Amino acid sequence: MPGLITVAYGSALAATCWFLLWLPFAVYVIQHVVEHLWDDFYQQWGEGAEARYTSGEVTAICAAVYFLLLLSLYWGQGVCRGVSDVTAAGAIGAWVFVPETVEAPAPCVGLLKPVVSNALLRAMTTCFGSICFGTLVVAVVSALVETLKQLKYKRMSNCVPLGLPLKLVNCCVDCVLDAIKRAAEAFNEWALVYTGLYGRSFLASGRAVIGLVKKAGMDVAANILLVSPVVWLATAGCLLVTLAMCAALAAALGHHGQTQAIWVMLPLPRRYALAAALAVPVVSVGLSPLLTSTRTLLICYAEADHVLRRRDPELVERIEGARDLGRRKGREARSAREPSAPTAQAVVCV
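Residues numbered from 1 in each chain as written. Predicted model: local features only at pLDDT ≥ 70, side-chain atom pairs only at ≥ 80, totals over all residues. Heavy atoms only, no water.

### What about the packing of aromatic side chains?
- In the structure shown here, the tally under the stated rule is four aromatic pairs.
- Considering the side-chain rings of Phe-187 and Phe-202, the 6.5 Å spacing of their centres and the 80° angle between planes classify their relative orientation as edge-to-face. Residue Phe-187 is located in helix H6 (residues 164-198), and its partner Phe-202 is located in helix H7 (residues 202-255); the two are separated by 15 residues in the primary sequence.
- In this structure Phe-187 comes out as partly exposed when scored by relative accessible area, which is 32%.
- Here the aromatic cluster, defined as three or more aromatic residues joined through ring pairs, consists of Phe-133, Phe-187 and Phe-202. (Phe/Tyr/Trp six-rings, centres within 6.5 Å; stacked < 30°, edge-to-face > 60°. Helix = DSSP H or I, 4+ residues; strand = E, 2+ residues; numbered from the N terminus. Buried < 20%, exposed > 50% of the residue type's maximum accessible area, 1.4 Å probe, protein only.)

Structure follows, in structure tokens:
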């Protein structure tokens with residue numbers, strides 16, 4: 001549905017505007033907090049304030065300010081993306097369960113079709129509270145993880161160099177924190193699909209996600225793992241096309257003698273870095289409804305496969321084919337890890 005791509009880009013634009021509003025506010029808060037803390041310490045300790053300024057009390061206050069600023073940034077951007085995800089889930093759900101609504105044309109040229117506009121209206125009204133609550137949970141986890149990482153790095157920078165065992169422990173801690181953050185994000189993505197599909201609250205959607213994992217956890221994961229590389233390959237392909245177009249543009253401008261153009265005056269590495277910085281977010285945002293639509297279709301297949309089969313039998317066959325492929329690959333991987341019977345007996349004899 002082209003309207004879902006339009007909603008995705010609109011949400012990305014809203015998230016960018018939120019960041020531009022957040023940035024000067026964050027700079028203002030940080031400057032005033034630092035000045036206020038320094039004035040208090042100088043009045044209390046005089047000349048010895050500089051030595052005491054790195055105390056645990058100041059670190060705790062700065063960490064709290066850092067956490068709250070990150071929380072506001074992540075929450076606002078998460079709400080913008082959540083609106084796009086819930087809209088996509090609602091539109092795909094209408095395609096599955098109420099197919100006659102998909103054929104309704106847009107009121108006029110340039111407007112969204114009713115199936116998309118109705119899903120967007122639900123996301124901005126009845127489902128908006130669930131979106132805010134779910135993204136708040138993810139924002140708290142993400143901000144807490146980033147704050148703990150910054151505190152850890154600050155503590156390490158003030159200490160002696162770490163040995164190899166402590167470096168390994170540090171890597172393990174980073175992996176655990178990243179795993180917690182990604183688990184919260186994945187849980188929220190699936191719960192928002194349930195919210196857009198059935199209009200449930202976030203807590204009810206969370207319980208439904210847990211039931212889905214118990215019912216068909218590995219099958220769902222296998223289908224998502226087959227779709228994600230396709231999205232990344234499409235992003236990489238669009239990036240290569242963009243870089244090739246940039247090279248052709250620079251050659252054309254140089255051939256016509258327009259050497260004063262900004263694009264030609266930029267050094268070659270910066271030219272391609274700028275093109276990549278512009279292309280990757282644009283392509284990623286445009287492909288984001290694909291992943292949400294895939295999650296929605298998998299939930300419809302897990303809970304109402306007969307309806308989806310009646311709507312599109314070929315799609316159900318593809319889902320089942322991907323499921324069977326994932327199961328077969330899993331059995332092959334397990335059989336490759338397990339030793340054969342003669343080998344096991346030989347090991348025992350030795």
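The structure having been displayed, the exposition proceeds.
### Let's talk about the pattern of salt bridges
- What the rule picks out here adds up to four salt bridges.
- Between Arg-81 and Glu-189 there is a salt bridge; the shortest N-O distance is 3.8 Å. Linking Arg-81 in helix H3 (residues 56-97) with Glu-189 in helix H6, this pair joins segments that are 108 residues apart in sequence.
- One salt bridge in this structure joins Lys-149 and Asp-178, with 2.5 Å as the shortest N-O distance. Here Lys-149, found in helix H5 (residues 128-157), pairs with Asp-178, found in helix H6; they are 29 residues apart in sequence, far enough to count as distant.
- Looking at Lys-149, the relative accessible area reads 11%, which means it is buried.
- By relative accessible area, Asp-178 is classed as partly exposed at 28%. (Salt bridge = Lys/Arg side-chain N within 4 Å of Asp/Glu carboxyl O.)

### Thoughts on the confidence of the model for the protein chain
- Across the protein chain, pLDDT averages 75, with 67% of residues at or above 70.
- Here helix H12 (residues 341-349) stands out as the element of the protein chain with the lowest mean pLDDT, 40, in contrast to helix H4 (residues 114-124), whose mean of 89 is the highest.
- Confidence drops under pLDDT 50 across residues 340-350; counting only partners more than four residues distant or on other chains, this segment forms zero contacts. (pLDDT = per-residue confidence, 0-100. Contact = heavy atoms within 4.5 Å.)

### Here's the deal with H4
- The set of residues buried in H4 consists of Val-115, Val-116, Ala-119 and Ala-123. Viewed end-on, H4 has its buried residues packed into an arc of 95°, placing them on one side of the element. (Arc of directions from axis to C-beta.)

### Re the side chain of Ser-11
- Mapping Ser-11 onto the fold places it in helix H1 (residues 2-45).
- Under the relative-accessibility criterion, Ser-11 is labelled buried at 10%.
- In terms of polar contacts, Ser-11 uses its side chain to reach the backbone carbonyl oxygen of Cys-80, at 3.2 Å.
- Residues in contact with Ser-11, not counting those within four places in the same chain, are Cys-80 and Ser-84. (Polar contact = N/O pair within 3.5 Å; in protein donor to acceptor, adjacent residues only side chain to side chain.)

### Let's talk about the nonpolar core
- Judged by nonpolar contacts, the single largest core of 34 residues is most densely connected at Trp-95, Val-96, Leu-297, Ile-299 and Leu-308.
- Counting residues per element, the ones that place at least two in this core are H1, H3, H4, H6, H7, helix H9 (268-303), helix H10 (305-311) and helix H11 (313-337).
- Among the elements that take part in this core, H3 stands out by supplying seven residues, more than any other.
- Counting eight residues, the second largest nonpolar core, distinct from the first, contains Val-79, Val-83, Cys-127 and Cys-132. (Core = buried A, V, L, I, M, F, W, Y, C linked by side-chain atoms within 4.5 Å.)

### Describing a nonpolar patch on the surface
- A cluster of nonpolar side chains, namely Phe-19, Leu-20, Leu-23 and Val-27, defines an oily patch on the protein surface of about 330 Å² accessible area.
- Along the chain, the position of Leu-20 falls in helix H1. (Patch = residues over 30% accessible without salt bridge, like charges linked within 9 Å, V, L, I, M, F, W, Y side chains within 5 Å. Areas by Shrake-Rupley, 256 points an atom, 1.4 Å probe, with all protein chains shown as cover.)

### Observations regarding the state of the cysteines
- Taken as a whole, this structure holds zero disulfides when the rule is applied.
- Left without a disulfide partner, Cys-17 is nearest to the cysteine sulfur of Cys-80, which lies 8.6 Å away. (Disulfide = S-S within 2.5 Å.)

### Here's the deal with the environment of Ala-184
- Assignment of secondary structure puts Ala-184 in helix H6.
- C-alpha separation for the pair Ala-184 and Val-140, spaced 44 residues apart in sequence, amounts to 9.9 Å.
- Residues in contact with Ala-184, not counting those within four places in the same chain, are Val-138 and Val-141.

### A word on the side chain of Thr-296
- Summarising the element assignment, Thr-296 is placed in helix H9.
- By relative accessible area, which is 0% here, Thr-296 ends up buried.
- At 2.8 Å, the side chain of Thr-296 and the backbone oxygen of Thr-292 are in polar contact.
- Setting aside anything within four residues of it in sequence, one finds Thr-296 in contact with Ala-89, Ile-92, Gly-93, Val-193 and Leu-197.

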